[in-house]
Each structure stands twice: as C-alpha cells, then as structure tokens.
Amino acid sequence: LSTRPSPASSRVVSCSRAISSENTATVLPEVTPIKDVAYSLYEPHDGVTCSEDGQLVISDGASGTFRVVATSINNPNAKQTKKFQIIDSLEPSGRYEEELAIGDGAKLEGDNVVFDGTTAYMPVNALPDEDVGYTVDLTAASGKGRYGVMLAEKGYFQYDYAEIVVGEDESRILRYGNYDHSYEAEYALPNSAAFDKTTQLGLYKLGGTVYVTLDGRLFKSFASCTDKAFPVVYSDGVKVSDSSHSLSTGELASGALDLYGDFFVGGYVGVNDGSYSLSAVDIPGGNMNWPPDNDYLNGLKYKKALKGELDIRFTISDLTPMLSGDSYDSKVLVYLQSESPTCSLQLVIKGGKDNPTYALCPNFDDATWVEYPLEEYGIDFSKAVEVRIVKKVEGLEVYLNGTRVLEDCDGLLNDDYDWSNDTLSTPGIGTFRCGATLSGVGIAAYTGE
C-alpha cells in the first residue's frame, strides 16, 4: 500500500494574501479497498494550517517551505509527503520568472528562455486573468519529446495546453487540449522543411474557451478547464529556445485574437493577403475528407457557429488535382453543417490527366452519394472560378461564374436534413487529394439577393 498526493496539487505557491487550496490523494494499488487518508503538516509552519480533510490555508506573510503528509487511515505506516514552497508575489511584468520555475533544465538568456532537453517549466509573471493570450516562438535544436505552452493556475500540470510532439521518426504532431480531452493533428512529416523553422504557438483564453494559434493562424478551440490562468512555457526531452513572446490580457487578448480573421485554418493552409493556399498533401493511410480525422489538416472553417440561411462565396484558382494511379480522385469540399463529415457539397474531379471530368455531389449523408456532371456548363476549371452556394431551408442553390447550375436537381433539396433557422451551422472549405488557392472567402446571412 502506498499513498501520494495527487499530481494536480500545487507544487509552488505564490502568496501575497491568504489563499486556500484543497489537497487530494491517489491511493495505490487500485484494488486497495479502503482509500481514506488524513492530512497533516509534517511539522508546524508559521502562517500555514492543514485540516485532516486536506484544506490547506496559507496566510498573508507566510514564507519558506513546508511539507504536507497524507497518511492512510487504514494503515498509519503508509504515508507520503509533498513539499510546497511559498514565493512572495512579484509585480506582474510579463517576463519569465526563473525563481518560480520547476526543474533545473531551463535558464534565462536576456528576456528569453532556453531549455536543455530535460524536463522544465518556466512561468510567465502575470496575474491570473479570465481573458489572457500568449504567443511564443520556439526553435527546437534536437531531442525527442514535447515542448509547448500551457495556461495554468497554481500548479503547472494538466491544464489547457498546445505542444509540439517530436517522434522517433522526427515527425511532429501538434497536440492540444486539457486533462479532460486531448486532440492531435499532423504538423510535419519526416524530412519536412518545417523542421528548420521556428514554430509559433499561441493560446488565448476568452471566458470559458481556449483558442490555439499555430504559425500565425487560428487553428482550433476547446473548452477551458481553468477559471483564471497565467502562461507557462515548458519542454520535456527537447532542446528548444524561445526567440520571441507576447502576453496580452483582458480586452487586449480578445483584440489580439480578432487579428487572426474569421476562420480556423489547418496545418497545411498558407495565408497570404486574404488568400488561402490549400496544399496538395497525401498522407498514407490518412483520411483527408472534410473535416479530416486529424482536425483541419488541409482546410479552413468559419470561427463562429451560425443560424439561418447562409450565403457562402469564394473564388477558386490554381486548382491542381492529384492523380490516384492513372486517374483523378480529388475533391474540393464545402462543409455545410454540424460536425458530420458527410454533410457537404463536393466538387468531384475524376478522369485522366488529359481529360478530367467535373461533377457536384451533395453528400448530405452516406446514402446520398450521387454525382451530377457539369460538362454542359462549359466551365474552364483551369482558370479562376467564382463559387457561390446559397444554403436555404428548402435546399442549396449553386452558382459558378455567376451562372446557376443544376437548378432542377432534386439532389440539392433539403430532404429532412434539418436546415431550419434554429439549427447551428459551422461551414468551412477543405480539399481531398488536391491543392487550390481560395480568395474572397466570405460567409454571410442570406438576404434574398
């Protein structure tokens, strides 16, 4: 039998006024029938009290280090201690504070931090705020492991985070989430040129939502697990250095996030003066349908969920399908509603290299896969094509270069797909086995014009 305080408990306490914290414990092994423990201070400490049920109170002015002991009620010989250090609060500066760091593997060089490849956490000196944003430019030199930025409270573990995971094959995965949910997305394959570049990671917490930014692009959002938080930069197994960072709080944080535009974009989407370059990427064994399994791999998605009838417009150019064997099997997908990958309108590109054929497929669910040819409209898809999709309650209207196509097509009608004005929609655009440049992308309420 062994007992130990939970890793979620605080290791470092910053104290300028009385604070209260609740200790928890994990009792091992799991089959232990009685898991009750009692808490106490290892020895008295001025300004610190600990109740048997784990309520820890640190008074204003307390200093030094102390230990809390968790003792098994069933077996008093089974006990575990945990050390706490009290640090006087500093005036928030937005700088790293080395005296609050965990681990010896990080040091400051001027305003920036360098990690030596062991495990270390380096906090930013900032008052916890409900709305906070932090971006950091990190360059990895060597090692296998992970490095990133998190939003934490008093302890530095299991909070909102975004990190790069470097694998044994030198691939890199973007991983993000919190202790409730974890998500992953491909960032760079082995031998990718991305290894030679600095990665900019950003986290913005606005109310109860955390937004992830990657290399200057808005990438993902998820529910936060903290009420108020401050940033912490860390590394575990990777030699990495910080070349630049930026902190914003309150209204400045929400204003900074607005600069990223109206869309989340995937790891293979380049942004250039309002245009989006969707790379032609083929990952063996990967599902690149929209939304792809690995989360916005090659596409963009509107930032907000919308209700009512929608008017979606964009211009597509530089459309380059990828050959599958001797023929095309490529698609541009307009994602229409909910989190279902099948609720989409797809521009399907088939045929051989010398004679590709184009069709539309309204893939509202897996049972509606029917392709409708576009040959009769004489559209030259090797040139720029203006696309407009009007999503109404009764169905879709599709316009290419200003001409409505498939006007009498029953396949575009809403056949009980619940496109009522009360249904939320989070539309987006993605690709499957092709590359494209999108410009003039806009999503608005349909006004009848």
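One can find the structure itself at the top, above this paragraph.
Residues numbered from 1 in each chain as written. Predicted model: local features only at pLDDT ≥ 70, side-chain atom pairs only at ≥ 80, totals over all residues. Heavy atoms only, no water.

Trainee: Explain empty space enclosed by the protein here, please?
Mentor: Sizing a probe to match a water molecule and rolling it over the atoms shows the empty space that remains. What the rule picks out here adds up to 3 cavities of 30 Å³ or more. When its volume is computed, the largest cavity comes out at roughly 130 Å³. What lines the largest cavity is a set of 14 residues, among which Phe314, Leu347, Leu360, Val387 and Leu400 lie closest to the centre. Elements with a minimum of two residues in the lining of the largest cavity: β25 (310–321), β27 (327–335), β28 (344–352), β31 (385–392) and β32 (395–400). Of the residues in the lining of the largest cavity, the class split is 13 nonpolar, 1 polar and no charged. (1 Å grid on protein atoms, 1.4 Å probe; cavity = no way out; pocket = protein on both sides within 12 Å on 5 of 7 lines; lining within 4 Å. Points joined across faces, edges and corners; volume = space filled by probe spheres on them. Helix = DSSP H or I, 4+ residues; strand = E, 2+ residues; numbered from the N terminus. Nonpolar A, V, L, I, M, F, W, Y, C, P; charged D, E, K, R; others polar.)

Trainee: I keep staring at the pattern of salt bridges and nothing clicks. Help me out?
Mentor: Oppositely charged side chains can form a pair if their charged atoms are brought close together. If you walk through the whole model with that rule in mind, you get 14 salt bridges. The salt bridge partner of Arg175 is Glu184, with a shortest N-O separation of 3.8 Å. We note a salt bridge from Arg388 to Asp311, for which the minimum N-O separation is 2.9 Å. Here Arg388 is found in strand β31, whereas its partner Asp311 is found in strand β25, with 77 residues between them in sequence. For Arg388, a relative accessible area of 15% puts it in the buried group. Three or more residues joined by partner-sharing salt bridges are found here, namely Arg146, Glu163, Arg175, Glu184 and Asp236. (Salt bridge = Lys/Arg side-chain N within 4 Å of Asp/Glu carboxyl O. Buried < 20%, exposed > 50% of the residue type's maximum accessible area, 1.4 Å probe, protein only.)

Trainee: Would you mind going over the sheet that holds β31 with me for this structure?
Mentor: The strands making up a sheet associate through hydrogen bonds between their backbones, and the pairing can be parallel or antiparallel. The strand order across the open sheet built from 7 strands is β22-β23-β35-β25-β31-β32-β33, with neighbouring strands paired in antiparallel fashion. Edge positions in the open sheet fall to β22 (269–272) and β33 (403–405), since each of these has one partner strand only. Going across the sheet, the axis of each strand differs from the next one's by a mean of 30°, ignoring polarity. Looking at chain direction, strand β23 (residues 275–278) and strand β35 (residues 434–445) are connected through 3 bridges and run antiparallel. Bridge pairing in β35 links Ser277 to Thr437. (Pairing = 2+ DSSP bridges. Axes fitted to C-alpha atoms, helices over the stretch in contact; angles between N-to-C directions.)

Trainee: Would you mind going over the packing of aromatic side chains with me for this structure?
Mentor: Each aromatic ring pair is characterised by the separation of its centres together with the angle its planes make. According to the stated counting rule, one finds 11 aromatic pairs in the structure shown. Their ring planes at 5° and their centres at 5.2 Å tell us that Phe66 and Phe84 sit as a pair that is stacked. Here Phe84 lies in strand β9 (residues 79–88) and Phe66 lies in strand β8 (residues 64–72), a separation of 18 residues in the sequence. Each member of the pair, Phe66 as well as Phe84, carries the same accessibility label: buried. Ring geometry for Tyr358 and Phe381: centres 4.2 Å apart, planes at 20°, overall stacked. With a gap of 23 residues between them, Tyr358 in strand β29 (residues 355–363) and Phe381 in the loop between β30 (372–373) and β31 connect regions that are remote in the sequence. A relative accessible area of 18% places Tyr358 in the buried class. The structure contains a cluster of three or more aromatic residues connected by ring pairs, namely Tyr176, Tyr183, Phe219 and Phe222. In this structure, Lys220 is placed above the aromatic ring of Tyr183, and the distance from its NZ or CZ to the ring centre is 5.5 Å. (Phe/Tyr/Trp six-rings, centres within 6.5 Å; stacked < 30°, edge-to-face > 60°. Lys NZ or Arg CZ within 6 Å of the ring centre and 35° of its normal.)

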